[in-house]
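Inside the fold
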Amino acid sequence: MSTILISGGMVVDQTGARTADVLVADGVIVESHDGNPDVTIEATGLTVTPGFVDLHTHLREPGKEEAETIETGSRAAALGGYTAVVAMPNTDPTQDCVSVVDFVRRQGKLAGLCDVHPSASITVGRAGHQLTPFAELAEVGVRLFTDDGNGVQNPLLMRRAFEYSKGLGITMAQHCEVEQLTDGAVMHEGDCCSHLGLPGWPAVAEELMVHRDIELVRLTGAPAHFLHLSTAKSVELVRRAKSDGLPVTSEATPHHISLTDELLRSYAAIYKVNPPLRTMDDVVAVREGLSDGTIDAIATDHAPHVAATKEQPLDLAPPGMLGLETALGVCLAHLDMSVSDVVAALSWKPALIAGLGGLHGRPIVPGEPANLTVFDAEEEWEVAPAQLASKSRNTPFVGVPLRGRVKHTVLGGVVTVENGVATR
Ligand code: DOR
């Protein structure tokens, strides 16, 4: 394995910020090594941080390889500065058993661009009726369980899920949506939706399930993670649950801190996502949630879809947006937070939630694994869809000024991105 010198960058991790060289040998950060490095990364003026960890990536394989594969999605992740992603289980077949989970992990290793950690569904086939074998899946390393794409509708089943999860070191991660309130919805229910005469997805459909699960956490003592929070009241509910000392964590997406429902005036399905883009008040509340730590992590909800499906009318097009390659640029452009706090939400905080805290999001000190990201925190740029590594093109950020661009990514001592280009 080659030796790497990352020279003269601003190193930012959970221990603080300092200008320092970072030396890597055999996949580990070292104090010094003999001879000249095999690779030198000139990082003067750049920021060097622990690699990013995405809690919420749809890699689409198995089943929808026309939209993304584990290889193309991992490449997109590496280009976005990620060294680990949690793969969502809404694949076909569903990641609801050890064989499918093993397949996803193996494909991730083969691609070698980023650590791919499969999540598993809470219910078999994500059908909402029968729990998956939690203990068996926990034994092969699954840490997050979710029916993402759908919430678990049945409160008794969810209560049992929390009860059975206790003591297994796993976390239930909820997509909060009461489906009886969102049937047929294409966008956020509010003024804009009324003007357009479109069926709406009310904020309360999310908030009811956030509230239900907070109370189930209070009852059972099991931990919960709330996926893609999108409304002001959801943020407030989680804030209060945390102040009550409940074991809850949450995430927000780059699109929910930067885009609003007004974009749907174009009727363009590129802006259709679940949960939907909300109002500016919600956007501000989600940003505040990130600033005060109510929301622990920024997670992309990278959801590739082939062009033909997103070009359909709003009611037929599937919800979802790309996120991996633009996350840093969106976050630094839209969040009034220090680079260090943004990186905390992109790296070490999600690493802990994913159960990857031993390997990713580690301080940049000798002896730690070399999972690193090097970026220019100031560079302003615009996304060029044709140049994305993702197999799909459904990014809503075309023409949106971004700030902060990943230059290099190192995974276990191997350079996966050099000067903004994937090495494999
Ligand atoms: O917009 C979304 N797309 N939200 C989800 O929860 C699922 C995802 C997908 O799989 O496309």
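One structure accompanies this document, and this report is about it. (Residues numbered from 1 in each chain as written. Predicted model: local features only at pLDDT ≥ 70, side-chain atom pairs only at ≥ 80, totals over all residues. Heavy atoms only, no water.)

Here we come to the layout of surface pockets. Roughly 680 Å³ of volume is contained in the largest pocket. Considering the residues around the largest pocket, the lining is formed by 34 residues, among which N90, G149, H305, P318 and P319 are closest to the centre. Looking at the lining of the largest pocket residue by residue, the classes come out as 11 nonpolar, 13 polar and 10 charged. Here the second largest pocket defines a volume of roughly 400 Å³. What lines the second largest pocket is a set of 22 residues, among which L79, E325, W381, R405 and G420 lie closest to the centre. Residue assignment for the lining of the second largest pocket shows that the elements contributing at least two residues are α10 (327-334), β16 (372-381) and β17 (402-411). Among the elements that make up the lining of the second largest pocket, the one with the highest residue count is β17 (four residues). By residue class, the composition of the lining of the second largest pocket is 10 nonpolar, seven polar and five charged. (1 Å grid on protein atoms, 1.4 Å probe; cavity = no way out; pocket = protein on both sides within 12 Å on 5 of 7 lines; lining within 4 Å. Points joined across faces, edges and corners; volume = space filled by probe spheres on them. Nonpolar A, V, L, I, M, F, W, Y, C, P; charged D, E, K, R; others polar. Helix = DSSP H or I, 4+ residues; strand = E, 2+ residues; numbered from the N terminus.)

What follows concerns empty space enclosed by the protein. Under the definition given, this model contains two cavities of 30 Å³ or more. In this structure, the largest cavity occupies an estimated 50 Å³ of space. Looking at the largest cavity, the residues that line it are H302, L322, G323, L324, E325, T326, L388, S390 and T395. The class makeup of the residues in the lining of the largest cavity is three nonpolar, five polar and one charged. In this structure, the second largest cavity occupies an estimated 30 Å³ of space. As for the second largest cavity, its lining consists of I29, P50, L359, H360, G361, R362, P363, I364, P369, N371 and L372. Across the lining of the second largest cavity, the residue classes tally to seven nonpolar, three polar and one charged.

What follows is about the pattern of salt bridges. Going through the model one piece at a time under the given rule, you end up with 17 salt bridges. Across the pair R18 and D13 runs a salt bridge whose closest N-O atoms are separated by 2.9 Å. Judged by relative accessible area, D13 falls into the buried class, the value being 2%. Taking the shortest distance from any N to any O, the salt bridge between R75 and E71 comes out at 2.5 Å. Separated by four residues within a single helix, R75 and E71 lie in helix α1 (residues 70-79), roughly one turn from each other. Linked by salt bridges that have partners in common, E236, R239, R240 and D292 make up one network. (Salt bridge = Lys/Arg side-chain N within 4 Å of Asp/Glu carboxyl O. Buried < 20%, exposed > 50% of the residue type's maximum accessible area, 1.4 Å probe, protein only.)

End to end, helix α7 (residues 232-243) covers 17 Å across 12 residues, agreeing with the expected 16 Å (1.5 Å per residue, within 8%). Those residues of α7 lying buried are S234, V235, L237, V238 and A241. Projected down its long axis, α7 shows its buried positions confined to an angular sector of 160°, all on one face. Exposed positions of α7 whose direction lies more than 90 degrees from the buried face are K233 and S243. Those residues of α7 that are buried lie in contact with α6 (203-220), β13 (224-226), β14 (248-252) and α8 (280-291). Taken from the residues just after α7, G245 is the one with a positive phi, measuring 85°. (Expected span 1.5 Å × (residues − 1). Arc of directions from axis to C-beta. Contact = heavy atoms within 4.5 Å.)

Let us now look at α10. Summarising burial for α10: six of the eight residues are buried, a large majority. What α10 keeps buried is the set A327, L328, G329, V330, C331 and L332. At its buried positions, α10 is contacted by β6 (52-57), β7 (82-87), β15 (297-298), α11 (339-346), β16 and β17.

Quick look at the packing of aromatic side chains now. Centre-to-centre distance and the angle between the planes together describe a pair of aromatic rings. Counted according to the given criterion, the structure contains three aromatic pairs. Measuring from ring centre to ring centre gives 6.1 Å for F52 and F375, while their planes differ by 50°; the resulting arrangement is tilted. Taken together, the residues span a long stretch of sequence, with F52 in strand β6 and F375 in strand β16 at a distance of 323 residues. For the pair F52 and F375, one class covers both residues: buried. Aromatic rings pair up to connect F52, Y82 and F375 into one cluster. (Phe/Tyr/Trp six-rings, centres within 6.5 Å; stacked < 30°, edge-to-face > 60°.)

The next thing to look at is the sheet that holds β15. Ordered by their spatial adjacency, five strands build an open sheet running β9-β10-β13-β14-β15, and the pairing between neighbours is parallel. Both edges of this open sheet fall to β9 (144-145) and β15, since each of them pairs with a single strand only. Alignment of β14 against β15, held across two bridges, turns out to be parallel. Across the sheet, residue E251 finds its bridge partner in β15, namely A297. Docked against the sheet, α6 engages β10 (171-174), β13 and β14, running at close to 165° with respect to β13. (Pairing = 2+ DSSP bridges. Axes fitted to C-alpha atoms, helices over the stretch in contact; angles between N-to-C directions.)

So, about the nonpolar core. Grouped together as the largest cluster of nonpolar side chains are 73 residues, with contacts concentrated most on I122, F145, M172, F226 and L290. The contact partners of F226, leaving out residues within four places of it in the chain, are Q174, C176, V210, D213, I214, V238, V248, T249, S250 and E251. Counting 23 residues, the second largest nonpolar core, distinct from the first, contains V186, L198, L259 and F397. (Core = buried A, V, L, I, M, F, W, Y, C linked by side-chain atoms within 4.5 Å.)

So, on to the sheet that holds strand β8 (residues 115-118). Pairing is parallel across the open sheet formed by three strands, whose spatial order is β6-β7-β8. The strands lining the two open edges of the sheet, one partner per strand, are β6 and β8. The sheet shows a mean angle of 20° between the axes of neighbouring strands, taken without regard to direction. Relative to β7, β6 runs parallel, the two sharing four bridges. Looking at the pairing, F52 lines up with Y82 of β7.

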